[in-house]
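# Tertiary structure, described
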Amino acid sequence: MKVLIIIARVLLGLVFVVFGFNAFLHFINMPPPEGLAGDFMKALFASHYFFVVAFLQIAGGAVCLICSRCVPLGLMLLGPVIVNILLFHIFLDPKGLPLAIVVSVLSLFLLRAYRQAFAGIIRPPTPSPAPAPKA
């Protein structure tokens with residue numbers, strides 16, 4: 001199981017580091033999407049919001065790659081980005097959906113593997129005992 005966790009961590013980290021750096025360096029030639037997806041991407045670039053997302057991809061991916069103790073931090077940084085990527089490909093550009101699903105599955109696998117780090121968020125609160133009546 002440890003080997004699968006390492007493989008998932010490295011794959012997820014590499015995907016986000018590579019695509020995050022691609023936003024700045026443009027070493028992977030990707031044609032702009034058409035239709036609503038293209039309009040959405042134009043708005044992200046014009047507002048420079050895309051560069052913030054790319055920075056979060058690099059930071060979250062690097063944390064997942066470099067430090068195995070900090071994977072929950074990397075997953076927290078990448079979680080909203082992964083949700084947006086998945087929704088973008090479901091609603092606007094289905095061509096990239098297979099990679100979005102793979103990334104989502106890797107992320108869910110790692111969330112399951114590091115569930116102890118998120119126990120405080122997931123665990124329901126325990127009710128506090130009622131105060132003793134005063135005499």
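Summary of the structure given here.

What counts, and where the lines are drawn
Residues numbered from 1 in each chain as written. Predicted model: local features only at pLDDT ≥ 70, side-chain atom pairs only at ≥ 80, totals over all residues. Heavy atoms only, no water. Helix = DSSP H or I, 4+ residues; strand = E, 2+ residues; numbered from the N terminus. Buried < 20%, exposed > 50% of the residue type's maximum accessible area, 1.4 Å probe, protein only. Axes fitted to C-alpha atoms, helices over the stretch in contact; angles between N-to-C directions. Parallel < 35°, antiparallel > 145°, perpendicular 65-115°, else oblique. Left-handed = near helix turned anticlockwise from the far one by under 90°. Contact = heavy atoms within 4.5 Å. Nonpolar A, V, L, I, M, F, W, Y, C, P; charged D, E, K, R; others polar. Core = buried A, V, L, I, M, F, W, Y, C linked by side-chain atoms within 4.5 Å. Phe/Tyr/Trp six-rings, centres within 6.5 Å; stacked < 30°, edge-to-face > 60°. Patch = residues over 30% accessible without salt bridge, like charges linked within 9 Å, V, L, I, M, F, W, Y side chains within 5 Å. Areas by Shrake-Rupley, 256 points an atom, 1.4 Å probe, with all protein chains shown as cover. Salt bridge = Lys/Arg side-chain N within 4 Å of Asp/Glu carboxyl O.

### Digging into unusual backbone geometry
Of note, the phi angle at His26 is positive, near 55 degrees, even though the residue is not glycine. Note on placement: His26 falls in the loop between α1 (2-25) and α2 (35-46). According to the relative accessible area criterion, His26 is exposed, its value standing at 56%. Non-glycine residue His48 carries a positive phi angle of around 65 degrees. Positionally, His48 belongs in the loop between α2 and α3 (49-66).

### Regarding the packing of α1 against helix α4 (residues 71-91)
Relative orientation of the contacting elements α1 and α4 amounts to 55 degrees, with a least axis distance of 12 Å. In this view, α1 runs oblique relative to α4, as classed from their interaxial angle. Along this stretch, α1 crosses α4, giving a crossing that reads as left-handed. Listed contacts from α4 to Arg9, Leu12 and Phe16 of α1 are Val71, Leu75, Leu78, Val81, Ile82 and Ile85. Tallied by class, residues from the contact of α1 with α4 come to eight nonpolar, no polar and one charged.

### Observations concerning the nonpolar core
With 15 residues, the main nonpolar core has Leu12, Phe16, Leu75, Leu78, Leu110 and Tyr114 as its most contacted residues. Breaking this core down by element, the ones donating at least two residues are α1, α4 and α5 (97-113). The element best represented in this core is α4, accounting for five residues. Counting residues in hydrophobic clusters, the runner-up holds seven residues, among them Met41, Phe50, Ala54 and Phe88.

### Quick notes on the packing of aromatic side chains
According to the stated counting rule, one finds five aromatic pairs in the structure shown. With centroids separated by 6.4 Å and ring planes inclined at 75 degrees, the aromatic side chains of Phe50 and Phe51 adopt a geometry described as edge-to-face. Judged by relative accessible area, Phe51 falls into the partly exposed class, the value being 26%. Among the aromatic residues, ring-to-ring pairing joins Phe24, Phe45, Phe50 and Phe51 into one connected group.

### Describing a nonpolar patch on the surface
Among the surface-exposed residues, Leu14, Val18, Phe19, Phe21, Phe24, Leu25, Phe27, Ile28, Met30, Phe55, Leu99 and Val102 lie close enough to one another that they form a single nonpolar patch of about 1,100 Å² accessible area. Within the residue set of the nonpolar patch, elements represented by two or more residues are α1 and α5. At six residues, the largest contribution of residues to the nonpolar patch is made by α1. Relative to the elements of secondary structure, Phe55 occurs in helix α3.

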